[in-house]
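Below, each chain spelled out in residue letters.
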There are 2 protein chains.
Amino acid sequence: MVTRGEVGVSDEKRDAILKAIDELDYRPNAMARGLVQRQTRILGIMVSDLQNPFFAAVVSGIQERAEERGFRVLITTGDRTPSVEESAIENLLELRVDGLILASPRADDDVIARAGRSVPVVVLNRDTSDDTSDSVTNDNLAGAHLAVEHLVSFGHRRIAFIEGGAGAGARIRHQGYLSAMHDFGLADEILTAEGRHTEEGGYRGAMDLLKLRDLPTAVFASNDLCAIGAMNAFEEAGLSIPEDVSLIGYDNNRMAALRHISLTTIDQPGDDMGRSAVDRLTERIDEDRTEPRHDVVAPSLVVRSTTGPPRFEAKS
Amino acid sequence: MVTRGEVGVSDEKRDAILKAIDELDYRPNAMARGLVQRQTRILGIMVSDLQNPFFAAVVSGIQERAEERGFRVLITTGDRTPSVEESAIENLLELRVDGLILASPRADDDVIARAGRSVPVVVLNRDTSDDTSDSVTNDNLAGAHLAVEHLVSFGHRRIAFIEGGAGAGARIRHQGYLSAMHDFGLADEILTAEGRHTEEGGYRGAMDLLKLRDLPTAVFASNDLCAIGAMNAFEEAGLSIPEDVSLIGYDNNRMAALRHISLTTIDQPGDDMGRSAVDRLTERIDEDRTEPRHDVVAPSLVVRSTTGPPRFEAKS
DNA sequence: ATGTCCTTTTGGAACGTTCCAGGTTGCAAT
DNA sequence: ATTGCAACCTGGAACGTTCCAAAAGGACAT
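Residue numbers restart at each chain and count upward from 1, following the sequence in its written direction. Working convention: letters from A go to chains and numbers from 1 go to ligands, in the order in which they are written. Local features in this predicted model are restricted to residues of pLDDT 70 or higher, and side-chain atom pairs are both shown and tallied only at a pLDDT of 80 or more, whereas totals for entire chains, interfaces and linings draw on every residue. Only hydrogens and water are set aside when side-chain values are computed; all heavy atoms of the structure are taken into account.

S.K.: Which residues make up the pairing of strand β8 (residues 218–221) of chain B, and what are the values?
M.R.: Residue and element names in this part refer to chain B. Classification of residues uses two cut-offs on accessible area relative to the type maximum, computed with a 1.4 Å probe and protein chains only: under 20% is buried, over 50% is exposed, and between them is partly exposed. Put simply, DSSP marks the helices as runs of H or I at least four residues long and the strands as runs of E at least two long, and each gets a number from the N terminus on. Across the two faces of β8 the burial is the same, with Ala218 and Phe220 and Val219 and Ala221 all buried. Of the strand pairs in this sheet, strand β6 (residues 159–162) and β8 are connected by 4 bridges, and their pairing is parallel. Opposite isoleucine 162, over in β8, you have alanine 221 as the bridge partner. Where β8 lies against strand β9 (residues 246–251), 3 bridges are found, and the strand directions are parallel. Its bridge partner being in β9, alanine 218 is matched across the sheet by serine 246. Here, the term right-handed applies to a crossover whose path from the first strand over the helix to the second runs clockwise when the strands point away from the viewer. Assessed by its sense of winding, the connection that carries the chain from β8 through helix α9 (residues 224–236) to β9 is right-handed. Being paired, for any two strands, means DSSP has found at least two bridges between them.

S.K.: Break down helix α7 (residues 170–183) of chain B for me, citing the residues and quoting the values.
M.R.: Residues and elements named next belong to chain B. Multiply 1.5 Å by the residue count of a helix minus one, and that product is the helix's expected span. When the terminal C-alpha atoms of α7 are compared, their 20 Å separation across 14 residues agrees well with the 20 Å that a helix rising 1.5 Å per residue should span. Taken together, the buried positions of α7 are Ala170, Ile172, Arg173, Gly176, Tyr177, Ala180 and Met181. Residue contacts are defined here by distance: any two heavy atoms, one from each residue, within 4.5 Å place the two residues in contact. Those residues of α7 that are buried are in contact with β5 (134–138), α6 (140–153), β6, β7 (191–193), β8 and β9. Phi for glycine 185, located one or two positions after α7, is positive at around 70°.

S.K.: Run through the packing of helix α6 (residues 140–153) of chain A against helix α7 (residues 170–183) of chain A, naming residues and quoting values.
M.R.: Residues and elements named next belong to chain A. All axes here are fitted lines through C-alpha atoms, helices being fitted over the stretch that makes contact, and every angle between N-to-C directions spans 0 to 180 degrees. It is the contact of α6 with α7, at a shortest axis distance of 7 Å, that shows an interaxial angle of 50°. Relative to α7, α6 is oriented oblique. Helix-helix and strand crossings are classified by hand; for α6 and α7 the assignment is right-handed. Facing α6, whose interface residues are Asn140, Leu141, Ala144, His145 and Val148, α7 presents Ile172, Arg173, Gln175, Gly176, Tyr177, Ala180, Met181 and Asp183. Under the grouping applied here, Gly and all other residues not named as nonpolar or charged are polar, the nonpolar ones being Ala, Val, Leu, Ile, Met, Phe, Trp, Tyr, Cys and Pro and the charged ones Asp, Glu, Lys and Arg. The residue makeup of the contact of α6 with α7, split by class, is 7 nonpolar, 4 polar and 2 charged. Should an angle lie under 35 degrees it is considered roughly parallel, over 145 roughly antiparallel, and from 65 to 115 roughly perpendicular; all remaining angles are considered oblique. Handedness of a crossing is defined here by the sense of rotation of the near helix relative to the far one, left-handed for an anticlockwise turn of less than a right angle and right-handed for a clockwise turn.

S.K.: So what's going on with the relation of the copies chain A and chain B? Residues and values would help.
M.R.: Between the two copies, chain A and chain B, the superposition gives an RMSD of 0.1 Å; the rotation angle is 180° and the shift along the axis is 0.0 Å. Here the copies are linked by what is in effect a two-fold axis. Residue by residue, 100% of the interface of chain A is reproduced at the interface of chain B, so both copies engage with the same surface. The copies were overlaid with a least-squares fit restricted to C-alpha atoms from residues scoring a pLDDT of at least 70 in each copy.

S.K.: Just give me the short version of the packing of aromatic side chains, but keep the residues and values in it.
M.R.: All names here are of chain A. Stacked, tilted and edge-to-face are the three classes assigned to paired rings of Phe, Tyr and Trp, where Trp is represented by its six-membered ring and a pair needs centres within 6.5 Å; plane angles under 30 degrees give stacked, over 60 edge-to-face, the rest tilted. Considering all chains together, one arrives at 6 aromatic pairs over all chains under this definition. Relative to phenylalanine 55, the ring of phenylalanine 54 lies with its centre 5.6 Å away and its plane at 65°, an arrangement referred to as edge-to-face. Put simply, the rings of Phe161, Tyr177 and Phe220 pair up and form one aromatic cluster. Either the NZ atom of lysine or the CZ atom of arginine qualifies as a charge over a ring when it sits within 6 Å of the ring centre and within 35 degrees of the ring normal. For arginine 173, the ring lying beneath its charged end belongs to tyrosine 250, and the centroid distance is 3.8 Å.

S.K.: Account for the pattern of salt bridges, with residues named and values stated.
M.R.: A carboxyl oxygen of Asp or Glu within 4 Å of a side-chain nitrogen of Lys or Arg is what we treat as a salt bridge. Tallied over the entire structure, the rule returns 54 salt bridges over all chains. Here arginine 289 of chain A makes a salt bridge to aspartate 134 of chain A, at a shortest N to O gap of 2.7 Å. Note that arginine 289 of chain A is positioned in the loop between α11 (270–286) and β11 (294–297) and aspartate 134 of chain A in strand β5 (residues 134–138), a separation of 155 residues in sequence. Across the salt bridge formed by arginine 275 of chain B and aspartate 271 of chain B, the nearest N and O atoms sit 3.6 Å from each other. Taken together, the residues arginine 275 of chain B and aspartate 271 of chain B, both in helix α11 (residues 270–286) and 4 residues apart, mark about one turn of the helix. Among the residues examined, arginine 275 of chain B registers a relative accessible area of 15% and is labelled buried. Bridged by salt links that share partners, the residues Asp134, Arg280, Glu283, Arg284, Arg289, Arg293 and Asp295 of chain A form one connected network.

S.K.: Which residues make up the nonpolar core, and what values go with them?
M.R.: Inside soluble globular proteins, nonpolar side chains tend to come together where they are buried. Put simply, a nonpolar core is a bunch of buried Ala, Val, Leu, Ile, Met, Phe, Trp, Tyr and Cys residues held in one set by side-chain atoms that sit within 4.5 Å of each other. Within the largest apolar cluster, 48 residues are counted, with the highest numbers of intra-cluster contacts made by Ile162 and Leu247 of chain A together with Ile162, Phe234 and Leu247 of chain B. With sequence-adjacent residues up to four places away left out, leucine 247 of chain A is seen in contact with Val219, Ala227, Ala230, Met231, Phe234, Ile241, Leu263, Thr264, Thr306 and Thr307 of chain A. Membership of the second largest hydrophobic core comes to 46 residues, among which are Phe55 and Met273 of chain A together with Val58 and Phe71 of chain B.

S.K.: Which residues make up the sheet that holds β6 of chain B, and what values go with them?
M.R.: Residue and element names in this part refer to chain B. In spatial order, the strands read β7-β6-β8-β9-β10-β12; together these 6 strands make up an open sheet with mixed pairing. Single-partner strands in this sheet number two, and they are β7 and β12 (300–302). Averaged over all adjacent pairs, the angle separating strand axes in this sheet is 25°, with direction ignored. Of the strands in this sheet, β6, β8, β9, β10 (264–267) and β12 are in contact with α6, which crosses β9 at around 160°.

Interpretation note: all reported values are geometric properties and have no functional meaning in isolation.
Here it is, written out as C-alpha cells:
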C-alpha cells in the first residue's frame, strides 16, 4: 500500500516502511498482486519472426504506446512455426496478460479464436476471419496495386511476382498483384514464382525466374526480405538492377533503407500499426468496447534505386 | 494435478476433469502456481536493442536451449536507454523469473548487481565488474586484434577505428584496436573517430574521417551496424570499397552477410552465446552452482568483399 | 461525561494453485 | 474378523498481495 497510493498512512510509519524496503531489497510480487486484482497490466505480444527487422519497428511502436497507457509489455516469439507460436501464446495466457497482440501470426485460426475467448486480442497484419478479435492491417491490396502501378509507369509490362508462402498478408498481396495486372490490361503477362518471406525464399523464387527464356523486366517481391534475396540471385547471375530488371519489395524495413540496398518498396508503417494495436487493446480493457474493430492503414510507395525504365522501350 | 503428473488419480475422474477443462476452456494460472511453488520456470531476457539483428540470433539461441531445459522465455527490451532497461529488468524481477539474461545491457553496474542479489543473472557481452553474476562474452580483445591483423596482412598501415560509444564491448574493442596497433608497430598511425553502435553513429564517424587531409586506407568499425553506416558515408563521398578504403565490422550480423553488403567482419556467435547463457543459468537454478563463471567465446574472421589491399603500395 | 466525525490502524478474507497430512476405501494376507 | 497396505480422495494451509470492514484513537461540540 505504501508503495502505491500512499493515502491513509501516517508519516512515521511510511518512513519506517520505506527504509525497510530499501534494506531488504524488497520487490513487490507481481504474481500475488495479479492474483488478487485479477489483472496484471501487462500486454503480451507474440512476434512471428524476430529476425525480420520490420517487427522491431512494430515492437517499438507497441512499447511506446503501452508505456503511455500504463501497461508493461512482454514479448514472446514463434519462430515462424505454428506450433511454437501456439505455445508462446499459451505461455502468455497462463500468465494472465490483460491483452494480446499477435504480430503476423501463422498459427491456426482456432488457436487465435480460443485466445480471444479469454482475453482481448488484436491481430496484426493478418486478415482474421473470426470476429472475436480486432485487427490492424495495412491495405495489402492497395499496396500491391501501388507497386504494380509504379512499375507500369516506367513502361514495364512483363512484371513477375515472387510470392510469400504462408507469410502474413502474402496471399492478399498476391491477389492485389493479380488484380492490378488485370486493371492495367496486363493479364497476359501475369507470372508468379514460388517464394517465402525470407531472403532464402526470394533467392529461390528469383532463381526460378532466371530459368525462363524471357526474363521479366520487373519483379515485385512479397516482402523486403524476399526482395533482397531476389536481388542477390539477380546480381549473381550478372544482371544489374534496375537496368536489366527492376525490383520492388514490401514493408520498407530497415534493410531496405540501407543506402547500399536502397530498395524501392511499399511502406507499411510498423510503428504506427503497433501503436494502433495497443489502442485497440486498451479500448477493450479500460473502456469496455466490445464490438470488433478492424483497422486498415494506408501503404505508400517509397521510390529508391532498384526501379527504373526497362532497358528497351516496349515497341508495340 | 491432472494437468501435470497425473499420478494417483483414477481414470474416470481424470476423464471427467479433462472434459471439463475442455468445455470451460480452463487454463492453469501461472501466477497462482508460481506463488506457491516459489518458482516460475521462466527465464527473463532483457535485450538492449531489438533493432540490431545480432540480438535476433542471441534470442534464437536462448529460446532453443531454454526449451530443451524446460524453461519458458519472456523478452523485454530496453531501447538502448539505461532507465528503460532498468524498468524492463524490474518488470521481469517483479514477475519472479527464475533467471535473468541481460543482452548487452547499458544499465548501471549497481542495477545489475541489485538484480543479481535476487535471482541468477548472466550478462551477455559486457564485462561485469561484480562477481555475483555470470557472464558470457566474446573475446573482444582478440577479435579486435584479428581485425587489425587482417588489414595489416593486406599491407594497410593507416588503420582508423570508429568507436561504439556506450555500446556493449565497445570500450574493449577499442582497447584491442589500440594494443593491436602497438603490436604491429603502428602506434603512430592510431586514429580513433567518435561513433556509436548504430548506422547513424557509423555514418557520423566516417564523416569525421572524411574531413581529414589524409584518409586512412582502412577502417575498423566497432560493430556491423556502425560499419554499414560508415559504408554509406564513404560511398556518398564517391569512394569505392575496398579500392579506396577497406572496411571491417564486428558481430557478423545478418545484414553483414547480405550479398549486397558483403561486409568483412569479426564473427561473434550470437546463438552459441545465447545457448551458453541459458546453460549458466540452469546450472545455478537446477544444480546450485554458486561460484561465478565467466565464459569467453572465441571470435573469428569472416572475409567478404569490403577489405582488400590499399590502392598504392606503401613505398617505404 | 457523551456523542459525532475524522484519521489511522488492525485483522481477515480472497485470489488459484500446490503440497501434505489424514481419511476412506478395497483387497489380500493373517 | 482383524490387520496391513496399497490406491485414491478430501481438506486445509500456504504463497504475497489487495481490499474492505471493523476497531481504535483524537479532536471537538454538546
